[in-house]
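# Results of the structural survey
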Amino acid sequence: MRAHIWIPLLALGALVVLLYAGMQDMDRALPSPMIGKAAPSLPVPENSEAAAVLNAAKGQPRLVNFWASWCQPCLAEHPELMALAERGVTIIGVNYKDEASAAARWLDRHGNPFAVVLRDPEGAFAIDWGVYGVPETYLIGPDDTVLHKKVGPVDDAYLRDELQPRLSALKGPAS
């Protein structure tokens, strides 16, 4: 009788291991059809400070990061985004399906790495970008082309192995 108890437990354990392994390779599992195409529009009010910031960012590489105050992985990646901003990387934050007041409190508490924070309270703009969930980060080239997509939190390994080499290549041999 005891042998019968172990079979479901082993099956459940194997399922958990497979799910975990699958989540580790999420970037390749969820490819973006946006790569190589023009970046979709963002929720920018006309004649606003945000529009001015975005116009100033044109012609240079930048990141677009979809995030939310209720997102635990967003909190995990936040120190990395703060470090990128301190190094001069322009990051456009898109607050996804969130309350404006909650987002403002979250940024006050943890710091604001974003050159501008845009709001997407219904998630309509995220659909155009192909966002599966938050956090997701897109590298946009100087010509407004989507060059890369990161599903899940930005971490040190991603910065070192993926993002920094791409940013260095965009800046040319002098960087």
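Note: the structure precedes this text.
Residues numbered from 1 in each chain as written. Predicted model: local features only at pLDDT ≥ 70, side-chain atom pairs only at ≥ 80, totals over all residues. Heavy atoms only, no water.

## A few points about the state of the cysteines
To keep it simple, the criterion reads: Two cysteine sulfur atoms make up a disulfide if the distance between them is within 2.5 Å. Each residue is placed in one exposure class: buried if its accessible area under a 1.4 Å probe, protein chains only, is under 20% of its type's maximum, exposed if it is over 50%, and partly exposed if it falls in between.
Considering all chains together, one arrives at one disulfide under this definition. The partner cysteine of cysteine 71 in its disulfide is cysteine 74, sulfur to sulfur 2.4 Å. When the S-S torsion is 85 degrees, as for the bridge of cysteine 71 with cysteine 74, the disulfide is right-handed. Comparing cysteine 71 with cysteine 74, the two get one shared label, buried.

## A few points about the side chain of threonine 145
Where we set the bar: Runs of H or I in DSSP of at least four residues are treated as helices and runs of E of at least two as strands, each being numbered from the N terminus. Here a polar contact is recorded for every N or O atom pair within 3.5 Å, except that within protein the pair must consist of a potential hydrogen donor and a potential acceptor, and residues adjacent in sequence are included only if both atoms are side-chain atoms.
Position of threonine 145 relative to the elements: it lies in the loop between β4 (136-140) and β5 (146-151). According to the relative accessible area criterion, threonine 145 is buried, its value standing at 15%. Reaching out from threonine 145, the side chain makes a polar contact with the side chain of aspartate 143 at a distance of 3.0 Å.

## Details of the packing of aromatic side chains
Defined as follows: Within 6.5 Å between ring centres, the rings of Phe, Tyr and Trp (the latter by its six-membered ring) count as paired, and their orientation is classed by plane angle as stacked under 30 degrees, edge-to-face over 60, tilted in between.
Tallied over the entire structure, the rule returns five aromatic pairs. Members of the aromatic cluster, joined through ring pairs, are Phe66, Trp129 and Tyr138.

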